[in-house]
Amino acid sequence: MPQANSIKNLQKALSMELTACHQYQLHAAVLDDWGLDLLAAKMREEMQEELGHSEKYLERILFLKGDPALTLDKAPIRANTLAELFTSDLEDEREAIQFYTAASQQASQDSDIGTRTLFESIVLDEEGHMAWLELQLDLIERMGESAYIAKHMSGN
């Protein structure tokens, strides 16, 4: 049954997105604790986008008559530095892009156009996240962490 491949891949993607939600939630709290409230707000925006992705995967699993499990792919990890935070997120985004691309190709082979299109649209969002993370790491390197931090706190 071709839908079995889609349901399996959608479930993995759902778990990955739920992990991303909680990872960004943890990052936001840590950034607030560090006084980087503007950057924490950005992480909360990312968290909401990942939550939206998880909702789309959940809906597609149900549409295909699957039984979604709301589980995490892995436990969120607390970063100790900004570079560590952005680097770990970048690795996760690259992993998601690789998996969603392969899942899209599998769905195409199985003639599941709806699932293929869903994976493709979310890959584009993840590529945007990846580019933003790469930029943040580049800015830290070029500006220095102190200047970068000053730019991302309101002073409240």
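An unreviewed UniProt entry lists the protein chain under the name Bacterioferritin, from Blastopirellula sediminis. Of the protein chain, the UniProt comment under Function (unreviewed entry) reads exactly: "Iron-storage protein, whose ferroxidase center binds Fe(2+), oxidizes it using dioxygen to Fe(3+), and participates in the subsequent Fe(3+) oxide mineral core formation within the central cavity of the BFR protein shell." As recorded by UniProt, the Catalytic activity (unreviewed entry) comment attached to the protein chain reads in full: "4 Fe(2+) + O2 + 4 H(+) = 4 Fe(3+) + 2 H2O".

Draft legend 1. Fine view of helix 4 (residues 113-143). Helix length check: helix 4, at 31 residues, gives a terminal C-alpha distance of 45 Å against a target of 45 Å (1.5 Å per residue), a fit within 8%. Along helix 4, the positions that sit buried rather than exposed are Thr115, Leu118, Phe119, Ile122, Val123, Glu126, His129, Leu133, Gln136, Leu139 and Ile140. Trailing helix 4 by a residue or two, Gly144 shows a phi angle of about 95°, which is positive.

Draft legend 2. Here's a closer look at empty space enclosed by the protein. Applying the stated criterion across every chain, the model contains 1 cavity of 30 Å³ or more. The computed volume of the largest cavity comes to approximately 190 Å³. Along the walls of the largest cavity sit 16 residues, with Met16, Ala20, Asp92, Glu93 and Ala96 positioned nearest its centre. Elements with a minimum of two residues in the lining of the largest cavity: helix 1 (2-33) and helix 3 (82-109). Tallied by class, residues from the lining of the largest cavity come to 5 nonpolar, 2 polar and 9 charged.

Draft legend 3. Region of interest: the pattern of salt bridges. The tally for this structure, following the rule as stated, stands at 9 salt bridges. Between Arg94 and Glu134 there is a salt bridge whose closest N-O contact spans 3.0 Å. With Arg94 in helix 3 and Glu134 in helix 4, this pair connects stretches of sequence that are 40 residues apart. In this structure, Arg116 and Glu120 form a salt bridge, with 3.2 Å as the shortest nitrogen-oxygen distance. With Arg116 and Glu120 both in helix 4 and 4 residues apart, this pair spans about one turn of that helix. For Arg116, a relative accessible area of 23% translates into the label partly exposed. Since its relative accessible area comes to 37%, Glu120 is described here as partly exposed. Within the structure, one salt-bridge network assembled from shared partners comprises Lys74, Asp92 and Glu95.

Draft legend 4. Representation of unusual backbone geometry. The backbone of Lys65 sits at a positive phi, close to 70°, despite the residue not being glycine. Locating Lys65 in the fold gives a position in the loop between helix 2 (37-63) and helix 3. Note on Lys65: relative accessible area 75%, which makes it exposed. Within the chain, Ser111 stands out as a residue other than glycine whose phi angle is a positive 60°. Structurally, Ser111 can be placed in the loop between helix 3 and helix 4. By relative accessible area, Ser111 is classed as exposed at 60%.

Rules used in this analysis
In this numbering scheme, every chain counts its residues from 1 along its sequence in written order. Since the coordinates come from a predicted model, pLDDT governs what is reported: local features require at least 70, and pairs of side-chain atoms require 80 or more to be given and counted, while whole-chain, interface and lining totals use all residues. Neither water nor hydrogens contribute to the side-chain values; these are computed over all heavy atoms in the structure. UniProt positions are given in the numbering used here, feature names are shortened, and annotations may be inferred rather than shown by experiment. A run of DSSP states H or I qualifies as a helix once it reaches four residues; a run of E qualifies as a strand once it reaches two. Both are numbered from the N-terminal end. Between the first and last residue of a helix there are one fewer steps than residues, each counted as 1.5 Å, and that sum is the expected span. Only protein chains enter the accessibility calculation, which uses a 1.4 Å probe; a residue is then buried when its area is under 20% of its type maximum, exposed when over 50%, and partly exposed in between. Cavities and pockets were defined on a 1 Å grid built over protein atoms only: a cavity is a set of grid points that admits a 1.4 Å probe from which the probe cannot escape, a pocket is an open set flanked by protein on both sides within 12 Å along at least five of seven lines, and lining residues are those with an atom within 4 Å of any such point. Grid points are joined across faces, edges and corners, and a volume is the space filled by probe spheres set on the points. Residue polarity is assigned by list, with Asp, Glu, Lys and Arg as charged and Ala, Val, Leu, Ile, Met, Phe, Trp, Tyr, Cys and Pro as nonpolar; anything else, Gly included, falls into the polar class. The rule for a salt bridge is simple: a side-chain nitrogen of Lys or Arg has to be within 4 Å of a carboxyl oxygen of Asp or Glu.

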